[in-house]
Amino acid sequence: MEPTSSSDTQPPHPLLWQALIPVVFLVAVLAVVVIWMEGDVRVPIILATVVAAFVGLAQGVRWLDMQHGIVQGIVIGLPSILILMLVGSLIGTWIAGGIVPLMIYAGLEVFSPQGFLPAAAFLCAIVSLATGSSWTTAGSVGVALVGVGTGLGVNPAMTAGAIVSGAYFGDKMSPLSDSTNLAPAVAGADLFAHIRHMFFTTGPSFLIALAGFAILGLAGAGGGADLAEVAAIQSALKENFSLSPWLWLVPMAVLVMVSFKVPAMPALFVGSVLGALSALFIEGRSFELVMGVINSGFVSETGQAMVDKLLSNGGIDSMMWTISLILCALSFGGVMERTGQLRAIGVSILAFAKGRGSLVASTGVTSIITNFLAADQYLALIFPGRMFKGAYEKMKLAPVNLSRALEDMGTLSSPLIPWNTCGVTMAGVLGVATGEYWIFALFNLINPVVSILYGFTGWTMKPAEAPKEKLPV
């Protein structure tokens with residue numbers, strides 16, 4: 001058995017140009033393989049990991065230390081991987097159990113093509129606020145909304161952008177969210193003070209995004225509804241699924257569990273079990289079929305092409321490509337962190353933080369780069385938070401300014417990067433590539449700009465409280 005290295009080993013301090021070697025290599029190979037050759041993103045990331053490891057070896061880092069970094073990176077991502085597997089099973093059982101078909105049917109009844117995008121973003125924001133989870137929102141309501149949007153003739157990339165915008169608004173603002181709790185913890189701020197401070201940037205940004213989605217809807221949103229096609233979809237759903245109103249109790253049960261702070265994994269597991277029970281006792285499906293759906297997903301055979309495409313989805317197997325990409329990306333991030341290359345890039349950015357505005361911008365850029373290189377949203381909050389905390393104290397800025405900047409740019413940029421755990425998850429669950437939907441994730445694009453603008457103007461930038469004098473005893 002190979003010995004493990006100590007986690008206490010201090011990383012070296014490579015020069016900036018050395019740290020940039022694997023980054024430049026990654027970008028170049030991604031451009032060739034993914035854009036020009038239309039190949040898989042995993043191979044460039046694996047090759048970039050090898051290059052980062054060679055740079056580390058040249059700096060005197062032992063392979064066992066880098067291996068430990070890879071393992072630690074994967075350990076950080078294990079909860080996300082387990083949640084992805086549960087989301088896959090939930091999607092499969094909710095389709096087989098008639099829950100997703102019921103949502104799609106009801107959505108086609110209620111939504112119009114013109115108002116669909118802002119309504120979808122707003123609905124996902126409400127669900128995500130209640131659950132504190134963008135992933136749960138996308139894997140449940142989001143899947144149904146993709147089906148509704150397709151039926152209404154809305155561009156799927158626009159639909160996915162609206163879902164991501166709403167899901168990450170709630171993820172960012174909910175006190176139940178992991179990121180909302182992590183950011184103030186790293187910055188040294190109070191949770192609810194952090195949430196109140198985020199309203200100044202998040203509120204206007206989301207309103208602007210909703211207005212943008214409304215304009216896209218009025219402009220056509222990529223096509224418009226074919227009423228005959230909508231009728232055919234609804235007819236196929238009604239003929240092949242019970243569409244019982246009792247099925248609404250399943251998503252409601254999941255929302256109630258999470259609102260009572262039941263963790264995501266047990267809540268998703270219960271949701272999957274309820275979906276399986278719905279498939280067995282409401283839809284009348286066999287036990288063997290339901291077990292197969294949990295593993296391999298549901299295969300729709302209604303005879304209506306669009307319905308079959310929408311509802312042939314889910315299962316643990318459907319998440320395996322996504323999980324393998326996450327493992328590759330986290331390995332790259334683990335080597336970059338263990339060899340000190342990630343810190344070298346961050347320190348060079350910190351050198352540009354001379355004033356209040358450049359400090360906020362530097363915080364954001366570091367968070368985005370960490371999301372890009374380490375492929376993990378949590379590291380994009382922890383790493384810059386630790387690095388910039390002293391700089392905010394020196395400029396006499398309250399910790400909530402740092403925690404807000406971390407969320408405005410670290411949390412919101414994560415689903416826009418194709419190999420980040422969040423970007424991979426959104427693409428895998430919604431069935432739309434990150435490279436297609438990111439331009440329509442209006443909230444995620446607008447909020448960082450608003451945050452940096454506030455930094456340079458000083459709007460709502462809270463000064464640090466003066467230390468209280470101790471009364472003589």
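Scroll up a little and you will see the structure.
Residues numbered from 1 in each chain as written. Predicted model: local features only at pLDDT ≥ 70, side-chain atom pairs only at ≥ 80, totals over all residues. Heavy atoms only, no water.

Draft legend 1. Structural detail: helix 7 (residues 156-173). Between the first and last C-alpha of helix 7 there are 26 Å, a value that for 18 residues agrees with the 26 Å anticipated at 1.5 Å per step. Taking burial as the measure, the 18 residues of helix 7 include 17 buried ones, the bulk of the element. A distance of 2.9 Å separates the backbone nitrogen of Ala 157 from a side-chain oxygen at the start of helix 7, and that oxygen is part of Asn 155. (Helix = DSSP H or I, 4+ residues; strand = E, 2+ residues; numbered from the N terminus. Expected span 1.5 Å × (residues − 1). Buried < 20%, exposed > 50% of the residue type's maximum accessible area, 1.4 Å probe, protein only. Polar contact = N/O pair within 3.5 Å; in protein donor to acceptor, adjacent residues only side chain to side chain.)

Draft legend 2. Here's a closer look at the environment of Ile 282. Within the secondary structure layout, Ile 282 lies in the loop between helix 12 (264-281) and helix 13 (287-296). Judged by relative accessible area, which is 36%, Ile 282 ranks as partly exposed. In the structure, Ile 282 is positioned 184 residues away from Gly 98 in sequence and 8.3 Å away in space, judged by C-alpha atoms. Those residues in contact with Ile 282 that sit more than four places away from it in its chain are Ser 242, Ser 244, Leu 247 and Leu 277. (Contact = heavy atoms within 4.5 Å.)

Draft legend 3. Region of the structure containing unusual backbone geometry. The phi torsion at Lys 396 lies on the positive side, around 60°, for a residue other than glycine. Looking at the element boundaries, Lys 396 is found in the loop between helix 18 (377-394) and helix 19 (399-413). One non-glycine residue, Thr 460, adopts positive backbone phi at about 60°. Here Thr 460 is to be found in the segment after helix 22 (442-457).

Draft legend 4. Highlighting a nonpolar patch on the surface. A surface patch of nonpolar side chains, amounting to about 820 Å² of accessible area, comprises Trp 246, Leu 249, Phe 269, Val 270, Val 273, Leu 277, Phe 281 and Ile 282. In terms of residues, the nonpolar patch owes the most to one element, helix 12, which gives 5 residues. (Patch = residues over 30% accessible without salt bridge, like charges linked within 9 Å, V, L, I, M, F, W, Y side chains within 5 Å. Areas by Shrake-Rupley, 256 points an atom, 1.4 Å probe, with all protein chains shown as cover. Salt bridge = Lys/Arg side-chain N within 4 Å of Asp/Glu carboxyl O.)

Draft legend 5. Spatial organisation of the pattern of salt bridges. Here the structure, examined in full by the defined rule, presents 3 salt bridges. Among the ionic pairs, Asp 65 bridges to Arg 62, the shortest N-O distance being 3.5 Å. Residue Asp 65 is classed as buried on the basis of its relative accessible area of 5%. The closest approach of N and O atoms between Lys 172 and Asp 408, which form a salt bridge, is 2.6 Å.

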